[in-house]
Amino acid sequence: MRKFIFSIVCLLFWGIGTSLKAQQIDSMMSVYAEGFPKEKIHIHFDRPVYNTGDTLFYKVYLLAANEPSMLSKNLYVEWYDTTGTLIKQTVAPLFQSTARGSFEIPAKYSGGFLHVKAFTRWMLNDDPAYLFQKNIPINGGNVVLGRMPSPTRVDIFPESGSLVEGVNSRVAFKAINQIGLPVKIKGVLIDAQKKVLDSLKVQHDGMGLFVLKPLPGQQYQLNWTDEYGRTGTTPIKDIKKEGVVLTVRTNNEKAFLQFERSEPASANFKQMNLLVHMNQSLLYKVGLKMSERNYQRAEIPIDELPTGIVQFTLFTADWIPVAERIVFINNHTHDFNAKINPIVTNLGKRALNKFDIFVSDTTMTNMSVAVIDANANTNDPHSIFSNFLLASEIKGYVHNPSYYFQSDADSIMNRLDLVMMTNGWRKINWEKLKEGIGPQLKYMPETEYMSLKGSVFGIKPVMVKDQQLNFVLAAKDSSKTLQFAAIDANGNFEQPGIFFYDTVKVYYGFNNNSKLSGATQVKIENGLLRKENGAKVGLGAIPPVWGGIDSMAIARMNFYLTEQEKLRKLMASASLSEVVVKTRTKSKLEILDETYSSGLFSGMNGYSFDLTDGTVAALDIFTFLQGRVAGLQVTGTGPSASLTWRGGMPDIYLNELRSDIPMVANIPIADIAYLKVFRPPFFGTGAGGGSGAIVIYTKKGGTSKGSQNVKGLESTLLSGYSTFKEFYNPIYDKTTVAFEPDTRNTLYWNPYIITNKKSPRYPIEFYNNDVSTKLKIVLEGFNASGKMTRVERILE
């Protein structure tokens, strides 16, 4: 950001280049910006409202310094009920600064919402107010009738922080009820003699402005009436006898600043300092000479600034902050253009629909898309823009934040400025900067995935120093991997880079020293943060969310819920003689998949090839793949073969272990039983995955998984990353037999839509359910430069 050089107009300067404190603050801001970049989270949920018993799908995006964050490898999501009790913690690996997951809402869940909190370990160094938090509405089938809202409160916010006697100041106000939702009011500003000085008018969501010039010894208050006819008063307190007021207004090109100090004033207010900064980086600093006059103006160009919040902080001569103002700048440096192009739209029962996503930008993008019933889901009050650019930067609840990114209309920008004036911002501890105190970090970033770490107990550490522990990790599918870790002088060990989902059984022993195994105890952990179910947390100031959902959407959600309940009750109450099960014989490919694949490699969610009959005529596996997988380009043969898919090389796996082209190129086709090709991306094992994956299974003698036991070794159970559910995308064709009704609320969900220069278009197909007549497509994501997109499209 230091490339921006500003010119200051109509401003008197005095030299601050030699100020020791100024230099200290400048250098320390650089330390914070470079050494403590702030990570920010956005979560794209497949829809804004859920029923009990639904599965919630989501995609997480992580930025730092306005670019995809390379700091963290692990993402934590905590799910709380309405009492603040932890239901579940999930942990996911981050790939390309993103993660995906799912959460199954209990069928008997009685709360009106779920409270979701997401963070990385690195983010725990910051104020908890900046962690991702959201309340998700949960419809339990009963529409709760509206009650009289809780009492109204009106708060006031002088523009630059304080009211000063004898100085005009714009004052913002915000009317909310006790749970934080906005309330409409009307009223007046009066003095102690009940003289009306200004009127109160709500401009948007309980917010408005009035002007006040406090006089010495005078008292002021707001008299107001809310939309429910209730009256109240708000006294205006903490008026300073000495100080300065900073006023900021903007247009598309400039910020217009006005400084006015009290008269008389001490020497500290006659020579002042202004810092203009953004994302902890100093943009400009200047001295103000106000000894001869108490009023100054300035203009600062803002047309080349990146989109986001700019802070103007005013200091006295001895660098005490006395006024601060934040302004939102939107030069559209934050977004890229993505298009949704319908190809086939058919909203008949179980009809096929087709559309594609096109990105003209050549930078690689990473996006997610959902297709939902438009009648059951109103607009989500949050978006990727509002979470990254607004909610993660300021304190306090912002009602319907996505509204402020709908357009550049002056009316919306003026209302966004009210948000800037009525919410707290990321304040810098200037005292620490002046004293040269750097970031106090309790948590370091998790730059690696899980690890095998722990300690050896029972004997003196010196006896196990330089010893090596051997580990065998046995998964539920009986696959095994070997790991090794050296023990240090304190009896501790750590082997980073471990990757697995669910749980594994860990067998361990000392290398070539079996006597130590019987004489010691070994504590093994995975290095991740863990919080037990049932833990309590404060839910903060985020209000319940049902108020913004219309009755038609609730009725539609109740229809879906009723159909689901009917099916559950039918299956629970019916006897075996009453149930007629219609099914079909499993195909040979499905049997092969169950026999050979496991974990994230399982499921019929890619291309599958049966090679067991031995009739395939091909030189090698890559020759066989030529022309059989759309988009996969194969050139050459054998060890010199080259593979390209969506601008990159797909990952190669042999029997679900990472491999490469030379290793698998010479495997005879006759020795291969089963072949799977996963479309890009395949983020499943901690490898790259951005260009898909090819998994080769060699023939084996039987289907028995065998025993997991490893003789002569102690064992323990170790948990890994949380498992997640794959979205079910049914395929209906002429041979499909309709069994139960299809009342899916989410018609399609894909958490990984990848485009780049070579593959700018991503095709999508999905089938409608039995009842939807109006659908909404929602696309969100970012690119490799940190630019974002959100696109909505209605199909009807």
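Residues numbered from 1 in each chain as written. Predicted model: local features only at pLDDT ≥ 70, side-chain atom pairs only at ≥ 80, totals over all residues. Heavy atoms only, no water.

Enquirer: Looking at this structure, I do not really get the overall build of the chain. What am I missing?
Expert: Counting its secondary structure elements, the chain contains 10 helices and 46 strands. Within the chain, the proportion of its 796 residues that are buried is 51%. If you take every contact in the chain between residues at least 6 apart in sequence, the share linking residues at least 24 apart comes to 71%. A total of about 36800 Å² of accessible surface is found on the chain, and carbon and sulfur atoms cover 51% of it. (Helix = DSSP H or I, 4+ residues; strand = E, 2+ residues; numbered from the N terminus. Buried < 20%, exposed > 50% of the residue type's maximum accessible area, 1.4 Å probe, protein only. Contact = heavy atoms within 4.5 Å. Areas by Shrake-Rupley, 256 points an atom, 1.4 Å probe, with all protein chains shown as cover.)

Enquirer: Explain the pairing of strand β34 (residues 521–525) to me, please; I cannot follow it from the model alone.
Expert: The side chains of a regular strand alternate, first on one face of the sheet and then on the other. Burial of the side chains of β34 is restricted to one face: Val522 and Ile524 are buried, whereas none of Gln521, Lys523 and Glu525 on the reverse face is. Both strand β29 (residues 450–457) and β34 contribute to a ladder of five bridges, which runs antiparallel. Along β34, the bridge assignment pairs Val456 with Val522. (Pairing = 2+ DSSP bridges.)

Enquirer: Looking at this model, I keep getting lost on the pattern of salt bridges. Mind explaining?
Expert: Using the criterion set out here, one finds 31 salt bridges in the structure. Between Asp26 and Lys285 there is a salt bridge; the shortest N-O distance is 3.6 Å. Of the two residues, Asp26 sits in helix α1 (residues 20–35) while Lys285 sits in strand β22 (residues 281–289), which places them 259 residues apart along the sequence. For the salt bridge of Lys40 with Glu393, the shortest nitrogen-to-oxygen distance reads 3.2 Å. Taken together, the positions of Lys40 in strand β1 (residues 39–45) and Glu393 in the loop between α2 (384–391) and α3 (410–422) put the pair 353 residues apart, joining distant regions of the chain. Of the two residues, Lys40 and Glu393, neither departs from the other in class, the shared state being buried. Salt bridges sharing common partners tie together Glu159, Arg170, Arg325 and Asp417. (Salt bridge = Lys/Arg side-chain N within 4 Å of Asp/Glu carboxyl O.)

Enquirer: Can you help me understand the environment of Tyr220 in this one?
Expert: Among the secondary structure elements, Tyr220 is positioned in strand β16 (residues 220–226). Judged by its relative accessible area of 6%, Tyr220 is buried. A sequence separation of 16 residues divides Tyr220 from Ile236, and the C-alpha atoms of the two residues are 5.5 Å apart. Apart from residues lying up to four places away in sequence, Tyr220 is in contact with Leu189, Ile190, Asp191, Leu197, Leu212, Lys213, Pro214, Leu215, Pro235, Ile236 and Ile239. A distance of 2.9 Å separates the side chain of Tyr220 from the backbone nitrogen of Leu215, its partner in a polar contact. (Polar contact = N/O pair within 3.5 Å; in protein donor to acceptor, adjacent residues only side chain to side chain.)

Enquirer: In this structure, what is going on with the sheet that holds strand β21 (residues 271–278)? I would like to understand it.
Expert: In a beta sheet, neighbouring strands pair by backbone hydrogen bonds and run either parallel or antiparallel. Taken in spatial order, the four strands line up as β22-β21-β24-β25 in an open sheet, and their pairing is antiparallel. At either margin of the open sheet sits one strand with a lone partner, and together these are β22 and β25 (321–329). Within the sheet, the average angular offset between the axes of one strand and its neighbour, ignoring direction, is 15°. As paired strands, β21 and β22 are joined by eight bridges and run antiparallel to one another. Across the sheet, Val276 pairs through a bridge with Tyr284, a residue of β22. Strand contacts of α3: β24 (308–315) and β25, with the helix running at about 150° to β25, the strand carrying the most contacts. (Axes fitted to C-alpha atoms, helices over the stretch in contact; angles between N-to-C directions.)

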